Amino acid sequence: MVFHLDTDLPRELAPLAWMIGRWEGAGVVGYPTIESAHFGQELEVSHDGRPFLTWQSRTWLLDEAGEKVRPLATELGFWRPFEDGEVELLLTHPTGIVELYFGKTEPAKVELRTDGVIRSPHAKEYNAATRLYGLVNSNLLWAMDMAAVGQELQSHVSAELKRVG
């Protein structure tokens, strides 16, 4: 699929322009407190002409045949780029967690770490995370390390997504 740069893209979004579009793919989730499993993901990254990106991600558990079993995580949020390659990612989850990530952009790469995590009284313990996003061979690859439920920061999830729109 050919990537077309929007001519109306605000200048501030240039370092993140490669993320804009619809993506689909699969990955692996695991943690000491859960069994490792494969998941599917749909991701939409868009803009409305203002200098931020809108982020909508849905994931679901896959069976051994690659068929959807049940919904997993949903994320809604915003990417806010700043001068000198700095960027914020604000994410909300229906599980009662809000995350604020801060990091740096490089050409076709973003590295982030949580600057703040807010949990509702009913949310599971979740303390910190790092995320890495990159464009590799025209695919969006990403990985997340997490510190939660009494565990140190360690690998939690990774995926490879193909641009579908």
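Thresholds applied
Residues numbered from 1 in each chain as written. Predicted model: local features only at pLDDT ≥ 70, side-chain atom pairs only at ≥ 80, totals over all residues. Heavy atoms only, no water. UniProt positions renumbered as here; feature names shortened; annotations may be inferred. Salt bridge = Lys/Arg side-chain N within 4 Å of Asp/Glu carboxyl O. Buried < 20%, exposed > 50% of the residue type's maximum accessible area, 1.4 Å probe, protein only. Helix = DSSP H or I, 4+ residues; strand = E, 2+ residues; numbered from the N terminus. Contact = heavy atoms within 4.5 Å. 1 Å grid on protein atoms, 1.4 Å probe; cavity = no way out; pocket = protein on both sides within 12 Å on 5 of 7 lines; lining within 4 Å. Pairing = 2+ DSSP bridges. Phe/Tyr/Trp six-rings, centres within 6.5 Å; stacked < 30°, edge-to-face > 60°. Lys NZ or Arg CZ within 6 Å of the ring centre and 35° of its normal.

- For the chain, the name recorded in an unreviewed UniProt entry is Peroxynitrite isomerase, with Pedococcus sp. KACC 23699 as its organism.
- Recorded in UniProt under Sequence similarities (unreviewed entry), the annotation for the chain is "Belongs to the nitrobindin family."
- Taken verbatim from the UniProt record of the chain, the Catalytic activity (unreviewed entry) comment is "peroxynitrite = nitrate".

Notes on the pattern of salt bridges
Moving on, step 1. The final tally for this structure, using the stated rule, is eight salt bridges.
Moving on, step 2. Arg80 serves as the salt-bridge partner of Glu88, at 2.8 Å between the closest nitrogen and oxygen.
Moving on, step 3. Classification of Glu88 as buried rests on a relative accessible area of 18%.
Moving on, step 4. Of the charged contacts in the structure, one is a salt bridge between Lys109 and Glu111, with a shortest N-O distance of 3.3 Å.
Moving on, step 5. What emerges from the salt-bridge pattern is a single network uniting Glu75, Glu99 and Arg131.

A few points about the environment of Ala123
Moving on, step 1. Relative to the helices and strands, Ala123 resides in the loop between strand 7 (109-119) and strand 8 (126-136).
Moving on, step 2. Taking the C-alpha atoms as reference, Ala123 lies 33 Å from Val164; in sequence the two are 41 residues apart.
Moving on, step 3. Residues in contact with Ala123, not counting those within four places in the same chain, are Thr95, Gly96 and Ile97.

Section: the UniProt feature "binding site: heme b" (unreviewed entry) in the chain
Moving on, step 1. As recorded in UniProt, the feature "binding site: heme b" (unreviewed entry) lies at Thr33, Lys124 and His156. Checking the annotated residues one by one, the ones that line the largest pocket turn out to be Thr33, Lys124 and His156.
Moving on, step 2. Here Lys124 lies in the loop between strand 7 and strand 8.
Moving on, step 3. Relative accessible area serves as the criterion here: at 68%, Lys124 is assigned to the exposed category.
Moving on, step 4. With residues near it in sequence (within four places) discarded, Lys124 still touches Ile97 and Arg119.
Moving on, step 5. Along the chain, His156 turns up in strand 10 (residues 154-163).
Moving on, step 6. If near-sequence neighbours (up to four positions away) are discounted, His156 is found in contact with Val28, Val29, Gly30, Tyr31, Ile34, Met144, Asp145 and Met146.

Considerations on the UniProt feature "domain: THAP4-like heme-binding" (unreviewed entry) in the chain
Moving on, step 1. Here the UniProt feature "domain: THAP4-like heme-binding" (unreviewed entry) sits at residues 12-163.
Moving on, step 2. Annotated as residues 12-163, this span is 0% helix and 71% strand, and its ends, taken at the C-alpha atoms, are 22 Å apart.

Some remarks on the pairing of strand 7
Moving on, step 1. Two strands pair when backbone bridges link them, and strand 6 (residues 97-106) and strand 7 are joined in this way by ten bridges, in the antiparallel orientation. The residue bridging Glu99 from the neighbouring strand is Val117, located in strand 7.
Moving on, step 2. A loop of two residues connects strand 6 with strand 7, the two strands running antiparallel in sequence, and Ala108 in this loop sits at a positive phi of about 55°.
Moving on, step 3. In the sheet, strand 7 pairs with strand 8 via five bridges, with the strands oriented antiparallel. Within strand 8, the residue paired with Glu111 across the bridge is Leu132.

Remarks on the packing of aromatic side chains
Moving on, step 1. Within the structure shown, the criterion is met by five aromatic pairs.
Moving on, step 2. Ring geometry for Trp55 against Trp79: centres 5.6 Å apart, planes inclined by 65°, an arrangement best described as edge-to-face. Taken as a pair, Trp55 in strand 3 (residues 53-62) and Trp79 in strand 4 (residues 68-81) lie far apart in primary sequence, 24 residues in all. Here the two residues Trp55 and Trp79 agree in accessibility, since each one is buried.
Moving on, step 3. Taken together, the ring pairs connect Trp55, Trp79, Tyr133 and Trp142 into an aromatic cluster.
Moving on, step 4. The ring centre of Trp60 lies 4.1 Å from the NZ or CZ of Lys68, which sits over that ring.

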